[in-house]
Number of protein chains: 2
Amino acid sequence: MASSFSAGRLPVIGLMLGDATGIGPEICAKVLAAGAVRDVAHVAVVGDARVLAMGMQDAGVGLAWRAFRAIDEVAWPRDDVPLIDLGNTDPASIRRGEVSAESGRLAGETLKYMIDLALAAKLDGICFAPLNKAALHRGGWEYHDEHQMFAALTRHSGFSGEMNVIKEFATFRVTSHLALREALGLIIAERIVAAIMLADRTIRALQPGKPRIAVAALNPHGGENGLFGDDEIRIIRPAIEEACAAGVDCHGPIPADTIFLRAMRGEFDAVVMMYHDQGQIATKLLGFNKGVTVTAGLKTVFTTPAHGTAFDIVGQGKADAGALEHALRLCARLGANAQRLRS
Amino acid sequence: MASSFSAGRLPVIGLMLGDATGIGPEICAKVLAAGAVRDVAHVAVVGDARVLAMGMQDAGVGLAWRAFRAIDEVAWPRDDVPLIDLGNTDPASIRRGEVSAESGRLAGETLKYMIDLALAAKLDGICFAPLNKAALHRGGWEYHDEHQMFAALTRHSGFSGEMNVIKEFATFRVTSHLALREALGLIIAERIVAAIMLADRTIRALQPGKPRIAVAALNPHGGENGLFGDDEIRIIRPAIEEACAAGVDCHGPIPADTIFLRAMRGEFDAVVMMYHDQGQIATKLLGFNKGVTVTAGLKTVFTTPAHGTAFDIVGQGKADAGALEHALRLCARLGANAQRLRS
């Protein structure tokens, strides 16, 4: 199916409206009505026409859209917004502003439909408005996070994972959503090298030049030369040396309480951290919610705004669509790169 | 010796000039010359007259000071700055701007002298300009940090530890300078309760009212109801309930990547964290270096600016004395409280 893409064509990005109980439909309508990403991507909405209409009403915007039964029917370029209408989600049957197992189940189904399109090379990337993890779980999609779900649905076997992009830098994780005790057991050289290589590959797809990658230490003060733990000496430093030998511009191990100060000063493009909170403590203080979350390392590109469903402001028209626009732009850049690699 | 203090008298604070290789003497001279804390404390410098003179020269300030052989000879109030001259540190014999085992050894000796004065109730608190950990270590003071050193020298046996004070809130630690793997084994209810009680007691000494204390979770998302670890359910929550039952206003466990956002919004006076980097990642991004470090829970009060010896700007007259002034003020408040408790 790769032949269906012609060189130089804008990437085709599938936009999923998010969990229908949250602000997803509203921010999607805002971004689409503003034509905010028309310069970088052909965006096709995949979902239910009634949910999109609800989003337009919430946002107080008009939008020229047209429903299709299948992505193959959509010709590009076009002035209106094409919607692949799955007809699966009736907003009248779902209470907004709270966790709904049914809405979670449907969100998962819609994503699965889109993943199949992407695997058939009919989408170059998938961008989704905020999901609700609890709803997905209750709706039967029992994964520790959406990244694991996407890895399973794309039948991926190697290393992959969450990338968080804020204004100043991006973060990657050696371990993620599991108990800290268990995470310690998974901080091994093989995974550290894989995370560094993933960071290098992903940042290269986003910007020119050789990415400068910082790798966090595990122990306080980076282990203080072995006084407070020797993981840095036994595991992390050798992994960094291996990545350097493979041509990656990577540095560390750097104590976790100074690595983000240095990244903020512009010293690094990406930070590879050992466990979830190491990076999340920093990025949440630095504007995480305005940033973008990417599932990196899979055959299919996935991006989403880092913020959540914001149940407290659902239906009020005041949700900020900035992070979604940024997520769509990142999806377009990564999707265009994937397109190049295929052709 | 408690009888030697009269009610209402300003606390007597011993000021130690820090490691002589760093900016300590300079910032001490600046604060003393400005008379910045005369309203809240009687400050006696303990050290070497030649080091103080060097600090005055670095700072470009004049200072009316007078040397004494012992603290008992100093009468209060007074207009000049009294110096207990130990005559132990000749600046001419020490290279500045680099780690010196000899300077570290002498810094430790000076602190030990001051601790003996405090234990004899002749000082209400000890404030020290920046030390150099590596120098202390090489100089024979082989502790994991200065807090352990002070606990040993004051012959303290219970729970005690580092408190970091930034503009918006203070942090306390259940575990500190040891490998993360080892720290996990020490995150037990008894120590968590002790850390919460220490936070409560220390903040009460600093400000009126009941301190609002937040307690961090250990695992990502606070364990996500047991999905990512059950330490929160088995250990941390019961410890918080025990502290609440003892009358402390404490909250949690709160996921580590949101607890500092809430503290920044003014919801809490103190954050109790489970391990070193949890708090240090946050506070270093939030202005840690302008803050103050306190050794909390010992019979003797210890405070110091959170920043280091700043070897890169030694002798240039441009070191900022703001954090030292803040450290002296905190020392005075904690010292006055200790005075009240003794009387």
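Everything below is about the structure shown above.
Residues numbered from 1 in each chain as written. Chains lettered and ligands numbered in written order. Predicted model: local features only at pLDDT ≥ 70, side-chain atom pairs only at ≥ 80, totals over all residues. Heavy atoms only, no water.

Undergrad: How would you summarise the overall build of chain A if you had to cite specific residues and measurements?
TA: Within chain A, the regular secondary structure consists of eleven helices and twelve strands. Here chain A has a C-alpha radius of gyration of 20 Å; the compact-globule value for 343 residues is 20 Å, and the two agree. Each principal axis of the C-alpha atoms in chain A carries an extent, and together these give about 65 × 45 × 35 Å. Of the contacts formed within chain A by residues at least 6 apart in sequence, a portion of 74% connects residues at least 24 apart. Accessible surface, chain A as shown: approximately 13200 Å² in total, 50% of it carbon and sulfur. (Helix = DSSP H or I, 4+ residues; strand = E, 2+ residues; numbered from the N terminus. Rg over C-alpha atoms; globule rule 2.2 N^0.38 Å. Contact = heavy atoms within 4.5 Å. Areas by Shrake-Rupley, 256 points an atom, 1.4 Å probe, with all protein chains shown as cover.)

Undergrad: Got a sec to walk through the nonpolar core? Specific residues and values, please.
TA: In terms of nonpolar packing, the biggest core is built from 144 residues, with A:Phe172, A:Ile192, A:Ile196, B:Phe172, B:Ile192 and B:Ile196 touching the most fellow members. Looking at this core, the element that brings in the most residues is helix α7 (residues 189–206) of chain A, giving nine residues. Look past the residues within four positions of A:Phe172 in its chain and what remains in contact with it is A:Glu162, A:Met163, A:Leu198, A:Ala199, A:Thr202, A:Ile203, A:Ala270, A:Val271, A:Val272, A:Met273 and A:Ala296. One finds A:Val271, B:Ala216, B:Ala256 and B:Ala263 within the second-largest nonpolar core, a separate group that totals 29 residues. (Core = buried A, V, L, I, M, F, W, Y, C linked by side-chain atoms within 4.5 Å. Buried < 20%, exposed > 50% of the residue type's maximum accessible area, 1.4 Å probe, protein only.)

Undergrad: Lay out the pairing of strand β12 (residues 302–305) of chain A in plain terms, naming residues and giving numbers.
TA: Residues and elements named next belong to chain A. Neither face of β12 is open: one carries Phe302 and Thr304, the other Thr303 and Pro305, and all of them are buried. Here strand β5 (residues 125–128) pairs with β12 via two bridges, running parallel. Its bridge partner lying in β12, isoleucine 126 is registered against phenylalanine 302. Relative to β12, strand β11 (residues 292–296) is paired through four bridges, and the arrangement is antiparallel. Its bridge partner lying in β12, valine 294 is registered against threonine 303. (Pairing = 2+ DSSP bridges.)

Undergrad: Can you explain the interface of chain B and chain A? Please cite residues and give values.
TA: In this assembly, 34 residues from chain B lie in contact with 34 residues from chain A. In this assembly, chain B packs against chain A so that about 3200 Å² is buried in total across both faces, 66% of it on carbon and sulfur atoms. Joining chain B to chain A, the criterion identifies four salt bridges. Salt-bridge contacts for A:Asp231 lead to B:Arg181; the nearest nitrogen and oxygen are separated by 2.3 Å. At the boundary of chain B with chain A, the tally comes to twelve residue pairs in polar contact (both at pLDDT 80 or more). Within the residue set of the side of chain B that touches chain A, elements represented by two or more residues are α4 (133–138), α6 (180–186), α9 (256–264) and α10 (276–285) of chain B. With eight residues, the top contributor of residues to the side of chain B that touches chain A is α10(B). Its residues assigned to classes, the side of chain B that touches chain A shows 17 nonpolar, eleven polar and six charged. (Buried area = accessible area lost by both parts, 1.4 Å probe. Salt bridge = Lys/Arg side-chain N within 4 Å of Asp/Glu carboxyl O. Polar contact = N/O pair within 3.5 Å; in protein donor to acceptor, adjacent residues only side chain to side chain. Nonpolar A, V, L, I, M, F, W, Y, C, P; charged D, E, K, R; others polar.)

Undergrad: Which residues make up the sheet that holds strand β10 (residues 270–273) of chain A, and what are the values?
TA: All names here are of chain A. The mixed open sheet is built from twelve strands, whose spatial order is β3-β4-β2-β1-β5-β12-β11-β6-β7-β10-β8-β9. Looking along the sheet, the strands with just one partner apiece sit at the ends: β3 (65–68) and β9 (249–254). Along the sheet, successive strands turn relative to each other by an average axial angle of 25°, direction set aside. Sheet analysis places strand β7 (residues 170–173) next to β10, joined by four bridges and oriented parallel. Residue phenylalanine 172 lies in a different strand from β10, and its bridge partner there is valine 272. Of the strands in this sheet, β1 (12–16), β2 (42–47), β5, β6 (161–165), β11 and β12 are in contact with helix α11 (residues 322–342), which crosses β12 at around 165°. (Axes fitted to C-alpha atoms, helices over the stretch in contact; angles between N-to-C directions.)

Undergrad: Give me the sheet that holds strand β3 (residues 65–68) of chain B: which residues, what numbers.
TA: Working definition: the strands of a sheet are paired by backbone hydrogen bonds and lie parallel or antiparallel to each other. Residues and elements named next belong to chain B. Taken in spatial order, the twelve strands line up as β3-β4-β2-β1-β5-β12-β11-β6-β7-β10-β8-β9 in an open sheet, and their pairing is mixed. Sheet topology places β3 and β9 (249–254) at the edges, where each strand pairs with a single neighbour. Adjacent strand axes in the sheet meet at a mean angle of 25° when their direction is disregarded. The sheet contact formed by strand β2 (residues 42–47) and strand β4 (residues 81–85) spans three bridges and is parallel. Counterpart to glycine 47 in the pairing with β4 is aspartate 85. In the packing of helix α2 (residues 49–59) onto the sheet, the strands contacted are β2, β3 and β4, and the crossing angle to β3 comes to about 165°. Packed onto the sheet, α10 meets β6 (161–165), β7 (170–173), β8 (212–216) and β10 (270–273) and runs at close to 140° relative to β10.

Undergrad: Report on the relation of the copies chain B and chain A, specifying residues and quantitative values.
TA: The operation relating chain B to chain A is a screw motion whose rotation component is 180°, with 0.0 Å of axial translation and a residual RMSD of 0.0 Å. One copy is carried onto the other by what is essentially a two-fold rotation axis. Within chain B, B:Ala282 has its C-alpha nearest the rotation axis, a separation of 3.1 Å. When the interface residues of chain B are mapped onto chain A, 100% of them are again interface residues, pointing to one common binding face. (Least-squares fit on C-alpha atoms with pLDDT ≥ 70 in both.)

Undergrad: Which residues make up the pattern of salt bridges, and what values go with them?
TA: Evaluation of the coordinates by the stated rule reveals 52 salt bridges over all chains. The partner of A:Arg50 in a salt bridge is A:Asp48, and the shortest N-O contact between them spans 2.8 Å. Given the relative accessible area of 39%, A:Arg50 is considered partly exposed. Here A:Asp48 falls in the buried class, since its relative accessible area comes to 2%. Between B:Asp58 and B:Arg96 there is a salt bridge, with the nearest N and O atoms lying 2.3 Å from each other. With B:Asp58 in helix α2 and B:Arg96 in the loop between β4 and α3 (101–119), the pair connects residues that are 38 residues apart, well separated along the chain. Given the relative accessible area of 13%, B:Asp58 is considered buried. Several salt bridges converge on common partners, so that one network encompasses A:Arg181, B:Asp230, B:Asp231 and B:Arg234.

These values are about where atoms sit, not about what they do.
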